[in-house]
Amino acid sequence: MGCDGGTIPKRHELVKGPKKVEKVDKDAELVAQWNYCTLSQEILRRPIVACELGRLYNKDAIIEFLLDKSSEKALGKAASHIKSIKNVTELRLSDNPAWEGDKGNTKGDKHDDLQRARFICPVVGLEMNGRHRFCFLRGCGCVFSERALKEIKTEVCHTCGAAFQEDDVIVLNGTKEDVATLERRMEARRLRAKLGKKTKKPKVAESLSKSDVSEEAPGPSKMKTGKPEETSLDSQEKKSTSAPRSAAHGSSSGKAGKPPCGAMKRSIADSGESEAYKSLFTTHSSAKRSKEESAHWVTHTSYCF
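Let me sum up the structure you'll find in this document. (Residues numbered from 1 in each chain as written. Predicted model: local features only at pLDDT ≥ 70, side-chain atom pairs only at ≥ 80, totals over all residues. Heavy atoms only, no water.)

**Some words on the pattern of salt bridges**
Tallying each qualifying case throughout the model produces nine salt bridges. Note that R189 and E52 form a salt bridge whose closest N and O atoms lie 2.8 Å from each other. Taken together, the residues span a long stretch of sequence, with R189 in helix α5 (residues 176-216) and E52 in the loop between β1 (48-50) and β2 (56-58) at a distance of 137 residues. What makes R189 buried here is its relative accessible area of 15%. Classification of E52 by relative accessible area gives buried; the value is 9%. (Salt bridge = Lys/Arg side-chain N within 4 Å of Asp/Glu carboxyl O. Helix = DSSP H or I, 4+ residues; strand = E, 2+ residues; numbered from the N terminus. Buried < 20%, exposed > 50% of the residue type's maximum accessible area, 1.4 Å probe, protein only.)

Okay, here's the thing in structure tokens:
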């Protein structure tokens, strides 16, 4: 059993047991969730956005993902639910004054404190490093800790004063249960939006049809409320005055149909127009020839006697 040099192998070197399950370092996982983009795996930099499931992204990465129409685009779980830029919210983050970043670590001999975060809660002052639960409002994008939301119960945002509801509060980098509840809310919200668009279309069509009907038929306010005798007299006068005008317009344009000669004579003779206006027509007495002026032979005249 010996090898060269007199070494003796032990049992754990000869017998292979079951493999140990590799455990993910919690600190490394928190650093990856709160300091790196979920889509591009780059360091988070402003502008920072969050989806409806509470994941953090760089806005540039989301725009590039949406603009990429190639078939080789990798659709992972991180961004498969993002269909447009409206599905993400730009976050309003408060900087941590105690965070120095890489300023003091120029030589690489300084310990990086993973508990130190770039952003803090503006209400309570907790650092956004993953040790405390943080949330944001979908309407305004303000970020604060969940402790501030529980201690100061209000229906108005703590930072900007915008009103919000319970469905608008989204937990950042929550647990599997939180993600499941947020996913149900997201699906219900999108379903309501689709139904709202479908109901708006028939309403617009009805409003257009009502406007057309109202233009054709005048309302009761536009109708005259006088006595029936007065209204009938007014209508007769309007008809008598409009008849010669329409006849003149029709003779000049030639498009409208000509009324019968008898109706034309009666309407012009009985109308209350001036003599100068009546003299324009051949039915006037000044346009007729007397028997003495007319010739005794048979001929055609253009006058209508």
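**Remarks on a nonpolar patch on the surface**
On the surface, I63, L67 and I85 cluster together into a nonpolar patch covering about 280 Å² of accessible area. Within the secondary structure layout, L67 lies in helix α3 (residues 59-67). (Patch = residues over 30% accessible without salt bridge, like charges linked within 9 Å, V, L, I, M, F, W, Y side chains within 5 Å. Areas by Shrake-Rupley, 256 points an atom, 1.4 Å probe, with all protein chains shown as cover.)

**Points about the sheet that holds strand β7 (residues 143-145)**
Here we have three strands laid out as an open sheet, ordered β7-β6-β8, and antiparallel in their pairing. The open sheet has two edge strands with one neighbour each: β7 and β8 (169-171). With direction set aside, neighbouring strand axes in the sheet form an average angle of 35°. Across three bridges, the pairing between strand β6 (residues 134-137) and β8 is antiparallel. Along β8, the bridge assignment pairs F136 with I170. (Pairing = 2+ DSSP bridges. Axes fitted to C-alpha atoms, helices over the stretch in contact; angles between N-to-C directions.)

**A few points about the nonpolar core**
Proteins that are soluble and globular tend to have nonpolar side chains buried together. Within the largest apolar cluster, 41 residues are counted, with the highest numbers of intra-cluster contacts made by I82, L91, M128, F134, V143 and L172. What I82 contacts, discounting residues up to four positions off in sequence, is C51, Y57, I62, F65, L66, N87 and V88. (Core = buried A, V, L, I, M, F, W, Y, C linked by side-chain atoms within 4.5 Å. Contact = heavy atoms within 4.5 Å.)

**Some points on the sheet that holds β1**
On the basis of which strands lie adjacent, the open sheet formed by three strands has the order β2-β1-β3 and antiparallel pairing. Two strands lie at the open edges of the sheet, namely β2 and β3 (89-90), each paired on one side alone. Alignment of β1 against β3, held across two bridges, turns out to be antiparallel. Its bridge partner being in β3, V49 is matched across the sheet by E90. Together, β1, β2 and β3 form the strand contacts of α3, whose direction differs from that of β2 by roughly 75°.

**Quick look at the environment of H132**
Note that H132 resides in the loop between β5 (119-120) and β6. In this structure the C-alpha to C-alpha distance between H132 and S145, which are 13 residues apart in sequence, comes to 7.2 Å. Apart from the residues lying within four places of it in its own chain, the contact partners of H132 are L126, E127 and R147.

**As for the packing of aromatic side chains**
Per the counting criterion, the structure on display carries one aromatic pair. Ring geometry for W34 against F134: centres 6.4 Å apart, planes inclined by 70°, an arrangement best described as edge-to-face. Here W34, found in helix α2 (residues 26-35), pairs with F134, found in strand β6; they are 100 residues apart in sequence, far enough to count as distant. (Phe/Tyr/Trp six-rings, centres within 6.5 Å; stacked < 30°, edge-to-face > 60°.)

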